[in-house]
2 protein chains.
Amino acid sequence: MSTSPLQDSVDLTIVDLIIKARWIAPVVPANKVFEDCALVIDQGKIIALLPHQEADRRFKADNILLLPHHLLTPGLINSHTHAAMNLFRGYANDQPLQQWLTQSIWPAEKRWVSDSFVRDGSELAIAEMIQSGISCFADMYFFPEETAQVCLDAKLRCQLSFPIMDFPTAWGSGPDDYMAKGLTLHDNFRDSELINIAFGPHAPYTVSDSVLRRIAILAQEMDMPVQIHLHETAQEIEDSLKTYNKRPSQRLMDLGLLFPLTQCVHMTQIDDTDIALLQNSGASVIHCPESNLKLASGFCPVQRLLSAGINVAIGTDGAASNNDLSLLGELKTAALLAKAVAQDASALNAHTALRMATLHGAMALGLEDKIGSLEVGKSADITAIDLSHLHAQPIYDPVSQLIYNQSAQQVSHLWVNGECLLSEGKLQTLDEKELKAKVKFWQEKIAN
Amino acid sequence: MSTSPLQDSVDLTIVDLIIKARWIAPVVPANKVFEDCALVIDQGKIIALLPHQEADRRFKADNILLLPHHLLTPGLINSHTHAAMNLFRGYANDQPLQQWLTQSIWPAEKRWVSDSFVRDGSELAIAEMIQSGISCFADMYFFPEETAQVCLDAKLRCQLSFPIMDFPTAWGSGPDDYMAKGLTLHDNFRDSELINIAFGPHAPYTVSDSVLRRIAILAQEMDMPVQIHLHETAQEIEDSLKTYNKRPSQRLMDLGLLFPLTQCVHMTQIDDTDIALLQNSGASVIHCPESNLKLASGFCPVQRLLSAGINVAIGTDGAASNNDLSLLGELKTAALLAKAVAQDASALNAHTALRMATLHGAMALGLEDKIGSLEVGKSADITAIDLSHLHAQPIYDPVSQLIYNQSAQQVSHLWVNGECLLSEGKLQTLDEKELKAKVKFWQEKIAN
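Starting afresh in each chain, residues are numbered from 1 along the sequence in its written order. Lettering for chains starts from A, numbering for ligands starts from 1, and both go in the order in which the items are written. The model is predicted, so local features are restricted to residues of pLDDT at least 70 and side-chain atom pairs to those at 80 or more, both for listing and for counting; the totals for chains, interfaces and linings are taken over all residues. Side-chain measures here rest on the full set of heavy atoms in the structure, leaving out hydrogens and waters.

**Quick notes on the overall build of chain A**
In step 1: Helix and strand definitions follow DSSP, with helices as H or I runs of at least four residues and strands as E runs of at least two, each counted in order from the N terminus. Looking only at helices and strands, one finds 16 helices and 17 strands in chain A.
In step 2: Three exposure classes are used, based on accessible area relative to the maximum for each residue type with a 1.4 Å probe and protein chains only: buried under 20%, partly exposed in between, and exposed over 50%. Every one of the 448 residues in chain A was classed for burial, and the buried ones make up 64%.
In step 3: Should any heavy atoms of two residues lie within 4.5 Å, those residues are counted as being in contact. Contacts in chain A between residues far apart in sequence, at least 24 positions, make up 71% of those at least 6 positions apart.
In step 4: Of the roughly 15,500 Å² of accessible surface on chain A, a fraction of 47% belongs to carbon and sulfur atoms.
In step 5: This count recognises Lys and Arg as positive and Asp and Glu as negative, with His and chain-terminal groups excluded. By convention, the point assigned to a charge is CZ for Arg, NZ for Lys, CD for Glu and CG for Asp. With 34 positive and 53 negative side-chain charges, chain A shows a spacing of 2 Å between the two charge centroids. Residue exposure ignores everything except the shown protein chains as possible cover, and the areas themselves are Shrake-Rupley values with a 1.4 Å probe.

**Here we look at the interface of chain A and chain B**
In step 1: With 64 residues of chain A at the contact, the number on the chain B side is 64 residues.
In step 2: Between chain A and chain B lies a buried interface of about 5,000 Å² when both sides are counted; carbon and sulfur atoms form 60% of it.
In step 3: We define buried area as the total accessible area lost by two parts upon association, computed with a 1.4 Å probe and summed across both. The largest share of the area that chain A buries against chain B comes from Asp-94, Leu-390 and Tyr-396 of chain A, three residues that together contribute 17% of it.
In step 4: By salt bridge we mean one thing: a side-chain nitrogen of Lys or Arg within 4 Å of a carboxyl oxygen of Asp or Glu. Linking chain A to chain B there are six salt bridges.
In step 5: Lys-339 of chain A serves as the salt-bridge partner of Asp-94 of chain B, at 3.0 Å between the closest nitrogen and oxygen.
In step 6: We define a polar contact as two N or O atoms separated by no more than 3.5 Å, with the added condition that, inside protein, one atom must be a possible hydrogen donor and the other a possible acceptor, whereas residues neighbouring each other in sequence contribute only through side-chain atom pairs. Along the contact surface separating chain A from chain B lie 30 residue pairs in polar contact (both at pLDDT 80 or more).
In step 7: Listed by contribution, the elements that provide at least two residues to the side of chain A that touches chain B are α3 (115-131), α10 (289-294), α12 (327-342), α15 (398-404) and α16 (432-447) of chain A.
In step 8: Polar here means any residue other than Ala, Val, Leu, Ile, Met, Phe, Trp, Tyr, Cys and Pro, which are nonpolar, and Asp, Glu, Lys and Arg, which are charged; Gly is therefore polar. Among the residues making up the side of chain A that touches chain B, the classes are represented as 30 nonpolar, 23 polar and 11 charged.

**Concerning the nonpolar core**
In step 1: We define the nonpolar core as a collection of buried residues of types Ala, Val, Leu, Ile, Met, Phe, Trp, Tyr and Cys that are connected through side-chain atoms lying within 4.5 Å of one another. In terms of nonpolar packing, the biggest core is built from 246 residues, with Phe-117 of chain A together with Phe-117 of chain B touching the most fellow members.
In step 2: Not counting residues within four places of it along the chain, the set of residues in contact with Phe-117 of chain A comprises Ala-84, Leu-87, Phe-88, Trp-112, Tyr-141, Trp-442 and Ile-446 of chain A.

**What about the relation of the copies chain A and chain B?**
In step 1: The least-squares superposition of copies is restricted to C-alpha atoms, and to residues with a pLDDT of at least 70 in both copies. Expressed as a screw operation, the relation of chain A to chain B combines 0.0 Å of axial shift with a rotation of 180 degrees, fitting to an RMSD of 0.0 Å. Within this description, the copies of the chain are treated as partners about a two-fold rotation axis. By C-alpha distance to the rotation axis, the residue of chain A lying nearest is Gln-409 of chain A, at 3.3 Å.

**Here we look at the packing of helix α3 (residues 115-131) of chain B against helix α4 (residues 144-154) of chain B**
Residues and elements named next belong to chain B.
In step 1: The convention used is that axes are lines fitted to C-alpha atoms, helices contributing only their stretch in contact, and that angles between N-to-C directions extend from 0 to 180 degrees. Taken N-terminus to C-terminus, the directions of α3 and α4 make an angle of 40 degrees; their axes are 8 Å apart at the nearest point. With respect to α4, the element α3 is oriented oblique. Read as a crossing pair, α3 and α4 show a hand that is right-handed. On α4, the residues that touch Asp-115, Val-118, Arg-119, Ser-122, Glu-123, Ile-126 and Ile-130 of α3 are Glu-146, Thr-147, Val-150, Cys-151 and Ala-154.
In step 2: Looking at the contact of α3 with α4, its residues break down into six nonpolar, two polar and four charged. For classification purposes, angles smaller than 35 degrees are called roughly parallel, those larger than 145 roughly antiparallel, those between 65 and 115 roughly perpendicular, and all remaining angles oblique. It is the rotation of the near helix from the far one that decides the hand of a crossing: anticlockwise by less than a right angle makes it left-handed, clockwise makes it right-handed.

**What about the packing of aromatic side chains?**
In step 1: Here a Phe, Tyr or Trp ring, Trp counted by its six-membered ring, pairs with any other such ring whose centre lies within 6.5 Å, and the pair is stacked when the planes are under 30 degrees apart, edge-to-face when over 60, and tilted otherwise. According to the stated counting rule, one finds 17 aromatic pairs over all chains in the structure shown.
In step 2: Through a chain of ring-to-ring contacts, three or more aromatic side chains come together here, namely Phe-88, Tyr-91, Phe-117, Phe-441 and Trp-442 of chain A together with Tyr-396 of chain B.
In step 3: Think of it as a cone above the ring: NZ of Lys or CZ of Arg counts as a charge over the ring if it is within 6 Å of the ring centre and within 35 degrees of the ring normal. Positioned above the aromatic ring of Trp-171 of chain A is the side chain of Lys-181 of chain A, whose terminal nitrogen or guanidinium carbon lies 5.8 Å from the ring centre.
In step 4: Arg-251 of chain B extends its terminal NZ or CZ atom over the ring of Tyr-244 of chain B, reaching a point 3.8 Å from the ring centre.

**Considerations on the sheet that holds strand β16 (residues 382-386) of chain B**
Residue and element names in this part refer to chain B.
In step 1: Strands qualify as paired when DSSP identifies two bridges or more between them. Spatially, β5-β4-β3-β7-β16-β17-β18-β19 is the arrangement adopted by the eight strands of the open sheet, whose pairing is mixed. Of all strands in the sheet, those with a lone pairing partner are β5 (45-51) and β19 (426-427), marking the two edges.
In step 2: Bridge count for β16 against strand β17 (residues 411-416) is four bridges, and the pairing is antiparallel. In the sheet register, Thr-383 faces β17, and the bridge partner there is Leu-414.

**Quick word on the environment of Cys-151 of chain A**
All names here are of chain A.
In step 1: Turning to its location among the elements, Cys-151 is positioned in helix α4 (residues 144-154).
In step 2: By relative accessible area, Cys-151 is classed as buried at 0%.
In step 3: Through-space distance from the C-alpha of Cys-151 to that of Cys-136 is 9.7 Å; in sequence the pair is 15 residues apart.

**Regarding unusual backbone geometry**
All names here are of chain B.
In step 1: The residue after Val-28, namely Pro-29, is reached through a cis peptide bond having omega 0 degrees.
In step 2: Secondary-structure assignment places Pro-29 in the loop between β3 (17-24) and β4 (34-42).
In step 3: In this chain, Gln-393 is followed by Pro-394 through a cis amide linkage whose omega measures -15 degrees.
In step 4: By the element assignment, Pro-394 lies in the loop between β16 and α15 (398-404).

**What about the pattern of salt bridges?**
Side-chain pairing between opposite charges can occur once the charged atoms of the two side chains come close.
In step 1: Scanning the model with the defined rule gives 50 salt bridges over all chains in all.
In step 2: Of the charged contacts, one joins Lys-438 of chain A and Glu-123 of chain A as a salt bridge, the two residues approaching to 2.7 Å between their closest N and O atoms. With a gap of 315 residues between them, Lys-438 of chain A in helix α16 and Glu-123 of chain A in helix α3 connect regions that are remote in the sequence.
In step 3: Note that Lys-20 of chain B and Asp-56 of chain B form a salt bridge whose closest N and O atoms lie 2.6 Å from each other. Taken together, the residues Lys-20 of chain B in strand β3 and Asp-56 of chain B in helix α1 (residues 52-58) connect sequence positions 36 residues apart.
In step 4: Taken together, the salt bridges that share partners define one network made up of Arg-157, Glu-193, Lys-370 and Asp-381 of chain A.

**Here's the deal with the pairing of strand β7 (residues 63-74) of chain B**
Residues and elements named next belong to chain B.
In step 1: Across seven bridges, β3 lies against β7 in parallel orientation. Residue pairing across strands places Ile-18 opposite Ile-64, the latter belonging to β7.
In step 2: Where β7 meets β16, five bridges bridge the pair, whose relative direction is antiparallel. Counted as the bridge partner of Leu-71 is Ile-385 from β16.

**Here's the deal with helix α2 (residues 97-112) of chain A**
All names here are of chain A.
In step 1: Bend, in this description, refers to the angle at a residue between axes fitted to the seven residues ending there and the seven starting there. The largest bend in α2 amounts to roughly 30 degrees and is located at Ile-105, with the proline Pro-107 lying one to four residues further along.
In step 2: When we look at burial in α2, the residues that qualify are Trp-100, Leu-101, Ser-104, Ile-105, Ala-108, Glu-109 and Trp-112.
In step 3: As for α2, its buried residues are in contact with α3 and α16.

**Some points on α3 of chain A**
Residue and element names in this part refer to chain A.
In step 1: Compared with an ideal rise of 1.5 Å per residue, which puts 17 residues at 24 Å, α3 spans 24 Å between its outermost C-alpha atoms and is within 8% of the ideal.
In step 2: Counted residue by residue, α3 has 14 buried out of 17 residues, so it is predominantly covered.
In step 3: Directly beyond the C-terminal end of α3, a positive phi value near 85 degrees is found at Gly-133. A helix is expected to span 1.5 Å multiplied by its residue count minus one.

**Remarks on empty space enclosed by the protein**
The gaps of empty space that remain are located by a probe, the size of a water molecule, rolled over the atoms.
In step 1: Here a cavity denotes grid points, spaced 1 Å and computed from the protein atoms alone, that fit a 1.4 Å probe unable to get out, and a pocket denotes an open set having protein on both sides within 12 Å along at least 5 of 7 lines; residues with an atom within 4 Å of a point are the lining. Grid points are joined across faces, edges and corners, and a volume is the space filled by probe spheres set on the points. Taken as a whole and assessed by the stated rule, the structure comprises five cavities of 30 Å³ or more.
In step 2: What the largest cavity holds in volume is close to 170 Å³.
In step 3: As for the largest cavity, its lining consists of 19 residues, of which Gly-329, Lys-332 and Gln-406 of chain A together with Gly-329 and Gln-406 of chain B are closest to the centre.
In step 4: Only α12 of chain A together with α12 (327-342) of chain B provide two or more residues apiece to the lining of the largest cavity.
In step 5: For the lining of the largest cavity, the element with the highest residue contribution is α12 of chain A, accounting for five residues.
In step 6: Split by residue class, the lining of the largest cavity holds five nonpolar, 10 polar and four charged.
In step 7: Within this model, the second largest cavity holds a volume of roughly 60 Å³.
In step 8: Broken down by class, the residue content of the lining of the second largest cavity amounts to three nonpolar, two polar and two charged.
In step 9: Two domains share the lining of the second largest cavity, each providing at least three of its residues, namely domain 1 (13-74 + 373-417) and domain 2 (76-364) of chain B. Marked domain ranges trace back to an automatic or database domain assignment.

Here is the structure:
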């Protein structure tokens, strides 16, 4: 950022980009929508949020974008997915959970998952997420080094949880191998602006105590997040009570694995002791409502968690159990469902839903100093949604239209770290035609 | 349809329109998807469904449409809405039900509802429904004569339930007045191809026994449908037990109001006696999952009803409690929610969901001889959905992608009675720009 000496009246600061929008919902301050304001961006950071005219008086940019029918929000954060599984989207639906896993998904993974599967599947997911306004996602899948490379190419931000489980897979021979590969990955991306590495113990029922304890020690020593599927089904609780004589949450707490950077995914089964453990540990919950419904896992009591002061973020889960990665669609489902579950039509309002997909996601990932709100000094991770389509009219509250309407397809622009990844709905860093050809190749292989 | 004598080899039948699609899901036969087939249409009717090449051999049309990435389904049927309330979309959200009704919606209706409000609000809703692939809707609102006129102009099919309640409104002075106006409406549209008139007693708690009994007699004498909000909340059951010493469903049965053309909207509170009443009467249930969630009304046990052989159709409800009229979005919610409610991931599969939005809707409205499936002899009410977008890839089962993905914005074409209402996503019978100006006018009035 430099100040131009050649102005007529006042000194104008020269910046990279000025976005003038109809509405801006910065998330911080809470529940606020600014009208006819501009975001000023320089060197990947937000340097001002101010009225259009004041922006004209103080800043100058070659790149000034007018978005007269648009709402700007912080870039959306999809806090749980399995990107590469996009290649299994719709491959198996409407089956009872155990049959779905043992007869469809696991055999398909065993047959097809490889480095190239993960690369192409991740690219499909990343393209879809960019089109859906997602600027950052938390992934958990095999061959995370491939997903990392696609993220770098696409310029999308992500947290990669490298998977750890007791048994061998295509990616590794067992816990020691997964840990070694994951820690190498962590070393490789230590200074990356876009990539963060986290531990991904799959679930309490697939990882033994000794491995979980080792993860707990390393994660806290190295200040690394942990993402784990937890309390997804009633069966999981029942089995844990039989085997360990305690609920999975208590077992994780006893092993030192519940701490502020722990991301507990699903949590459909919750009692008072779980609430207390989450409160005491500072761990976050990642709510995946559509997956929980589709697999008949149960209902996460979101409003109860929020009222208890627990940080709740939101994720789409993988496309095999959703079947799309639209976080705005997920927010509609979450906001509607929370009301029926709480038996209170005022539960999880539209602004809180947006907060779950932005600031709460950033907090869960330990990135709240960098992303999650449109505040001066934070990275310019920004989503623009066009609200001019008929089915958003009339507009009394743009955030309400964003959450409760079908706005997912109206995402027009996305910036990450000040870079434009989506413009007028068109991908800027990926080749859609080439990608479709890759997907067709896999579809033909997998379907036959 | 005429046979041309001037062909080279075989006689070609000249028809109005041939649509060659990648996939066709006709709903009858059930669970079937035809690939690379054509629908042949003449004089508003479907006259053949056959492979592309056979269509070329047998038929000729000036108008041949190629839809190489598209799925054709029967026109979608939105079995419950309040179209004009689109002007209140997002006007009041996230409030407890009683506060929402008494402090927001009812006062707004009292202040604003008029013939011109209903005309413009209906036009907005109808435009949105056409864009969402809805070829027929069942409406219940004041000034239904205005909604009827917009339907005729837009060439959309509808059932209009004229509202009846014990108290006066902007539309009428009381039950006698509503009945007189409604029966006049019925007379006026007796021979209409597009408009059907039904009785719309608002709910058991707003209409007294004598009026309900009169409706029951007239409806069955005149073979007219009845649409009524029923068992929407637990409070409704509780109040009925206190006042009438019976559940609302039993009260309607005793008054003669449950019969095959009765459309019971909501039904979130269901016990074994309700199931038996629905079975014995042949009445249909109209499931409105997003409204039931948003107002925290409860969960309709869809799979249980389907398993009991009850006809279940689907509706969006009005935009004030949804907030959009996307029936494909509603189907995703319905299919996901039914699994969690039934605790069975195989409940309400994708094909059954599509059937709810087509044939089951037609059966509820008493129109199954005319619409609801792509069968020879039925009206050419057809929806085309473009499945070429990235977030529908890969495609293992197009009906699964239709239901579980964000396909609502990918509706490309809609025909009703052989007339094209939507082409390449563009409205053919309504002026979008003019409509937006009307909506803006109301928005500015209502917001201030």
